Amino acid sequence: MLLLEGGNTAVEEALYLSNICSKVTLVHRRDELRAEKILQKRLFAKENINIIWNNVISEILGDKNGVNSLEIKAENSDKTEIIKVEGVFIAIGHSPSTEPFKGVLEMDQEGYIIAQKPGTSITNIEGVFAAGDCVDKVYRQAVTAAGMGCMAALDAEKWIQNQ
């Protein structure tokens, strides 16, 4: 079972899971997806992906053995339904939390801070370093953020020594 919004992240995750799961169900609150058309085309072509439109998850249900069902609620009525599942994966997309730095640090059109030299954490402002999800739009994992944090600390240490 897959619980998602309708953007690129949701569709990419559904497609990924469809390669390792026998059945994937995408629950979406609207009647259409916002994902890029090429991703939607791939999603709709997958025979093991089922989409439940115009619904939201109201409750994740289970017992001592784990998750076993979901209660979904129709967006346009009070109708609810229980559906059996063997697992839940929630993917809601990602927006970098860089609002306080807008107009100060150089960013791309999606709001990610741009490293001035590839492979570093150096920003367009001397002595300011960026790491993790505000820079990384590809991997967005704790382990990569931790590695980037180490890079930023080393870049900052080198900068301080040169001052």
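Computed from a prediction, not measured in an experiment: that's the story for all the values here.

The rules we used
- Residue indices follow the written sequence of each chain, beginning from 1 at its first position.
- Given that this is a predicted model, residues contribute local features only at a pLDDT of at least 70 and side-chain atom pairs are listed and counted only at 80 or more, while totals for whole chains, interfaces and linings are drawn from all residues.
- The side-chain figures draw on all heavy atoms in the structure; neither hydrogens nor water molecules are used.
- Labels follow the DSSP assignment, with helices taken as runs of H or I lasting at least four residues and strands as runs of E lasting at least two, numbered in each case from the N terminus.
- What the globule rule says is 2.2 Å times the number of residues to the power 0.38, and the radius of gyration is computed from C-alpha atoms.
- Relative accessibility under 20% of the residue-type maximum defines a buried residue, over 50% an exposed one, and the middle range a partly exposed one, all with a 1.4 Å probe and only protein chains included.
- We call two residues in contact whenever any of their non-hydrogen atoms come within 4.5 Å of each other.
- All accessible-area figures derive from a Shrake-Rupley calculation using a 1.4 Å probe, and residue coverage is judged against the displayed protein chains alone.
- Asp and Glu are treated as the negative residues and Lys and Arg as the positive ones, with His and the ends of the chain left uncounted.
- We put the charge of a Lys on NZ, of an Arg on CZ, of an Asp on CG and of a Glu on CD.
- Here a cavity denotes a set of grid points, spaced 1 Å apart and computed over the protein atoms alone, in which a 1.4 Å probe fits but from which it cannot get out, and a pocket denotes an open set meeting protein on both sides within 12 Å along at least five of seven lines; residues with an atom within 4 Å of a point are reported as lining.
- Grid points are joined across faces, edges and corners, and a volume is the space filled by probe spheres set on the points.
- In this classification, Asp, Glu, Lys and Arg are treated as charged, Ala, Val, Leu, Ile, Met, Phe, Trp, Tyr, Cys and Pro as nonpolar, and every other residue, Gly included, as polar.
- Buried Ala, Val, Leu, Ile, Met, Phe, Trp, Tyr and Cys residues that are joined via side-chain atoms within 4.5 Å together make up what is termed a nonpolar core.

### Overview of the overall build of the protein chain
Here comes step 1: The helix and strand tally for the protein chain stands at 3 helices and 7 strands.
Here comes step 2: Shown N-terminal to C-terminal, the secondary structure of the protein chain runs as helices and strands in the order β-α-β-α-β-β-β-β-β-α.
Here comes step 3: Relative to the 2.2 N^0.38 estimate, which gives 15 Å for 163 residues, the radius of gyration of the protein chain is 20 Å and therefore markedly larger than a compact globule would have.
Here comes step 4: Taking the principal axes of the C-alpha coordinates as reference, the protein chain spans close to 65 × 35 × 30 Å.
Here comes step 5: When each of the 163 residues of the protein chain is scored for burial, the buried share is 34%.
Here comes step 6: Within the protein chain, counting contacts between residues at least 6 apart in sequence, those at least 24 apart form 43% of the total.
Here comes step 7: When the accessible area of the protein chain is evaluated, it comes to approximately 10,500 Å², of which 51% is carbon and sulfur surface.
Here comes step 8: Across the protein chain, the centroid of the 17 positively charged side chains sits 5 Å from that of the 23 negatively charged ones.

### Here's the deal with the layout of surface pockets
Here comes step 1: Estimates place the volume of the largest pocket at around 490 Å³.
Here comes step 2: Around the largest pocket, the lining is made up of 19 residues, and of these Thr9, Glu12, His94, Lys137 and Arg140 lie nearest the centre.
Here comes step 3: Within the residue set of the lining of the largest pocket, elements represented by two or more residues are helix H1 (8–18) and strand E7 (89–91).
Here comes step 4: At 4 residues, H1 tops the list of elements feeding residues into the lining of the largest pocket.
Here comes step 5: In the lining of the largest pocket, the residues fall into 8 nonpolar, 6 polar and 5 charged.

### Brief notes about the nonpolar core
Here comes step 1: Val11, Ala14, Leu15, Leu17, Val24, Leu26, Leu33, Ala35, Leu39, Leu43, Ile49 and Ile51 form the largest nonpolar core, which has 12 residues in total.
Here comes step 2: Of all the secondary structure elements, the ones that give two or more residues to this core are H1, strand E2 (24–27), helix H2 (37–45) and strand E3 (49–52).
Here comes step 3: The leading source of residues in this core is H1, at 4 residues.
Here comes step 4: Excluding residues within four positions of it along the chain, Ile49 makes contact with Ala14, Leu15, Ser18, Val24 and Leu43.

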